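Understanding the architecture of this molecule
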Amino acid sequence: MSDIVIVGGGVIGLTTAYELAGQGASVTVLEQGQFGQEASWAGAGILYPGCAGKGREPDSKLRALSYSRWSELSCELADLSGIDNGFRNCGGINIGFQGEVELQREMEKWALDGVDVEWLDSDGIKLHERCLEANIDFGFRLPGLCQVRNPRHLKALYASCLRKGVKLVSGAPVVDWQVDGEKVLAARVLSSMTPIAGSAFVVTAGAWTERLLSPLEIKTSIVPVRGQIVLLNSTSCALNHVIEVGPRYLVPRNDGRILVGSTEEWVGFNKGNTAEGVESLLEFAFRLIPDLKNASIERFWSGLRPRTPSGQPIIGAATGFENLYVAAGHFRAGLQLSPATGKLIRQLILGQPLSVSLSSFKVTQS
């Protein structure tokens, strides 16, 4: 029997396992498919900056805690696994067009949270990114914005968990629970006749969390939201910063590739790409950088991102159970917030002081 059983092998589950194993806990992670192959793998790896001690809202405090951990965590994983996750500081530019008023408010929010931010006019934007369309009117720059390459990070996490003695079980969908009063005794796995027992259980199953917890009468209201991404390979566009317009972005990799994302589609558990979705992303990219029309389409994919009605993740102990915890519903910020989430769940389970209050991220019960 493991000390802790984690259900869900994406970036949240693996980071939580890494944190707990680092404190000497015996950890088993159950994944219904293959590790790290859902929303965690599909994202763009944008890491927004945060300033410890300056964040005003719970989400900005959570972001700051994660941001403070990313560089150190990346080095740790590289030392353990030999895999470079692609972490680097590239900066980001959020751009706007004439008639838009929200961008100034967004910039003010970053400044109030203690984040270094710089307002740019059209000429200022062109100084930083010469390949951008000349008709962009204004924007702001976040020099502290960083990125990682999701697949590499998941591979590094997986290998590092193995090095720390975590038991990783793929093809193990949990279908029910064995419960005694307010205590979860074991998870029943479809592929095993023997329930997987543990002293504590953590559900980190992303978009599938609602299904997993419904037998326990715990309602998260987490729903899947499909996000499509296109990967371009361009030799003519030397883009340096992450470029954002609302929920869409261009993310330059250091090998000439550019990620174009992403859609937000409420289509249930349908993960397939669509011609309309891919076309809309290409039109967005061409509007910002006309030269990308000459880029080659290397591939495209999609992921199901878990969203709560409030947009805030659920992190904490499940009401009505003394040894059940949930960390899910991070929507577009799962990879970004994974270091903070894993650390907080570790602190909660092991009775350590919390780095950030979890009162705004409570798990409710129906």
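Because the structure is a prediction, the values reported are computed rather than measured.

Calculation notes
Residues numbered from 1 in each chain as written. Predicted model: local features only at pLDDT ≥ 70, side-chain atom pairs only at ≥ 80, totals over all residues. Heavy atoms only, no water. 1 Å grid on protein atoms, 1.4 Å probe; cavity = no way out; pocket = protein on both sides within 12 Å on 5 of 7 lines; lining within 4 Å. Points joined across faces, edges and corners; volume = space filled by probe spheres on them. Helix = DSSP H or I, 4+ residues; strand = E, 2+ residues; numbered from the N terminus. Nonpolar A, V, L, I, M, F, W, Y, C, P; charged D, E, K, R; others polar. Buried < 20%, exposed > 50% of the residue type's maximum accessible area, 1.4 Å probe, protein only. Pairing = 2+ DSSP bridges. Expected span 1.5 Å × (residues − 1). Arc of directions from axis to C-beta. Contact = heavy atoms within 4.5 Å.

**Thoughts on the layout of surface pockets**
The space that makes up the second largest pocket amounts to roughly 220 Å³. Forming the walls of the second largest pocket are Trp41, Gly43, Arg149, Asn150, Pro151, Arg152, Leu231, Arg253, Arg257, Leu259, Arg299 and Trp301. For the lining of the second largest pocket, the secondary structure elements donating two or more residues are helix 6 (150–163), strand 16 (257–261) and strand 17 (296–307). By residue number, the principal contributor to the lining of the second largest pocket is helix 6, which donates 3 residues. A breakdown of the residues in the lining of the second largest pocket according to their chemical character gives 5 nonpolar, 2 polar and 5 charged.

**Observations regarding unusual backbone geometry**
A cis geometry characterises the amide bond from Gly261 onward to Ser262, with omega recorded as -25°. Looking at the element boundaries, Ser262 is found in the loop between strand 16 and helix 8 (275–288). For Glu217, which is not glycine, the phi dihedral falls at a positive 60°. Relative to the helices and strands, Glu217 is located in the loop between helix 7 (209–213) and strand 13 (223–233). Looking at Glu217, the relative accessible area reads 53%, which means it is exposed. Residue Phe331 is not a glycine yet carries a positive backbone phi of 55°. Within the secondary structure, Phe331 sits in the loop between strand 19 (324–328) and helix 9 (334–349).

**Some points on the sheet that holds strand 3 (residues 46–47)**
Within the open sheet, the 3 strands sit side by side as 3-8-4. Their pairing is antiparallel. A single partner strand is all that each edge strand has here, and the edge strands are strand 3 and strand 4 (88–89).

**Notes on helix 6**
Relative to the 20 Å expected for 14 residues at 1.5 Å per residue, helix 6 spans 20 Å between its end C-alpha atoms, a close match to the ideal helical length. Inspection of helix 6 places Asn150, His153, Leu154, Ala156, Leu157, Ser160 and Cys161 among the buried residues, and these make up the whole buried set. Seen along its axis, helix 6 keeps its buried residues to an arc of 160°; they face one direction. Exposed residues pointing more than 90 degrees away from the buried face of helix 6 are listed as Lys155 and Arg163. Buried-residue contacts for helix 6 involve helix 1 (11–21), helix 2 (39–42), helix 3 (58–81), strand 9 (167–169) and helix 9. One or two positions beyond helix 6, positive phi appears at Gly165, with a value near 90°.

Read these as spatial facts, not as claims about activity.
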